[in-house]
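Residue strings, one per chain:
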Amino acid sequence: RLHPDLRAIADGLIASLGEGKEYMTLHARVEPDMQAHNICWEKKEKNLTKIFEDLERKFPKPPAPMVFLPINRQYMELEGSGPNKEDPEKTNWLAIENLSALNRAVSHGLWNGTVKVFEFGAKSLQGTSFASRWSTAGAVLNFYIAIGGNVFVGTEVSSYSIDLLSTRFYRGNRKNYKYLPDGLHEWTPEGTAHTPAFLC
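Residues numbered from 1 in each chain as written. Predicted model: local features only at pLDDT ≥ 70, side-chain atom pairs only at ≥ 80, totals over all residues. Heavy atoms only, no water.

**Student:** Where do I start with the layout of surface pockets in this structure?
**Tutor:** Gaps left between atoms are located by rolling a probe of water-molecule size over the structure's atoms. Of the pockets and cavities examined, the largest pocket occupies roughly 440 Å³. Surrounding the largest pocket, 26 residues form its lining, Glu-31, Ile-71, Asn-72, Ala-139 and Asn-142 being those nearest its centre. Counting residues per element, the ones that place at least two in the lining of the largest pocket are α2 (32-36), α4 (73-80), α6 (134-147) and α7 (159-170). Element by element, the count of residues in the lining of the largest pocket is highest for α6, at five residues. Of the residues contributing to the lining of the largest pocket, the split by class is eleven nonpolar, nine polar and six charged. Within this model, the second largest pocket holds a volume of roughly 220 Å³. Arg-1, Leu-2, Arg-7, Val-140, Phe-143, Tyr-144, Ile-147, Gly-148 and Arg-171 are the residues that line the second largest pocket. In terms of residue count, α6 provides more of the lining of the second largest pocket than any other element does, four residues in total. (1 Å grid on protein atoms, 1.4 Å probe; cavity = no way out; pocket = protein on both sides within 12 Å on 5 of 7 lines; lining within 4 Å. Points joined across faces, edges and corners; volume = space filled by probe spheres on them. Helix = DSSP H or I, 4+ residues; strand = E, 2+ residues; numbered from the N terminus. Nonpolar A, V, L, I, M, F, W, Y, C, P; charged D, E, K, R; others polar.)

**Student:** Explain the pairing of strand β6 (residues 183-186) here, please?
**Tutor:** As a general feature of sheets, a regular strand has side chains that alternate between the two faces. Here strand β5 (residues 176-180) pairs with β6 via four bridges, running antiparallel. Bridging across to β6, Tyr-179 finds its partner in Leu-184. (Pairing = 2+ DSSP bridges.)

**Student:** When you look at the packing of aromatic side chains in this model, what are you seeing that I'm missing?
**Tutor:** In this description, a pair of aromatic rings is defined by centroid distance and the angle of the planes. In the structure shown here, the tally under the stated rule is nine aromatic pairs. Plain terms: the ring middles of Phe-143 and Tyr-160 are 5.5 Å apart, the flat faces sit at 85 degrees to each other, and that makes the pair edge-to-face. With a gap of 17 residues between them, Phe-143 in helix α6 and Tyr-160 in helix α7 connect regions that are remote in the sequence. Its relative accessible area of 22% is what places Tyr-160 among the partly exposed residues. Through a chain of ring-to-ring contacts, the aromatic side chains of Tyr-23, Phe-68, Phe-118 and Phe-120 assemble into a single cluster. Positioned above the aromatic ring of Phe-169, the side-chain terminus of Arg-174 is 3.9 Å from the ring centre. (Phe/Tyr/Trp six-rings, centres within 6.5 Å; stacked < 30°, edge-to-face > 60°. Buried < 20%, exposed > 50% of the residue type's maximum accessible area, 1.4 Å probe, protein only. Lys NZ or Arg CZ within 6 Å of the ring centre and 35° of its normal.)

Honestly, that's just the spatial picture; any functional story needs more than this.
In structure tokens, the structure reads:
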């Protein structure tokens, strides 16, 4: 169970979206550490811009007025803030591109600016008793909020996504999709009896 104080923070953040506001959750696991992880390579889409494009292609009409991105911005910024000054040849250009795509989405939205994109996570814990444990507490906070999306899009290569999928599925929310290099696919179509195990 979520710590009562952390739950209060999460509920306050959700309330800040506006009464009755729906959102979809996109768990885009594109942080630099996932780029280096070479398991299940054929199931990975590492380019955030491509994931956004596939999302808009799958849903020509947005399924919600907002998109929640539970993403580790701190990891993104470690390698994506600019070229490697000490060794330019080691610059992670994909991380730079992904961080730029994230910033554009948060600043300008998706679906031609008609859908707001928002983050919470670690920065939402500044000034609270959880600030010193920002990584773990931020991930838990994001998980709690992510469950509430009316639609969930995640990836088979992340145990976090699999856990989100299972939690939503057994709460009766079957609007779940996975992204692959060739686009989005239903993850829990009608007739699904149980969620898949994490194999990556």
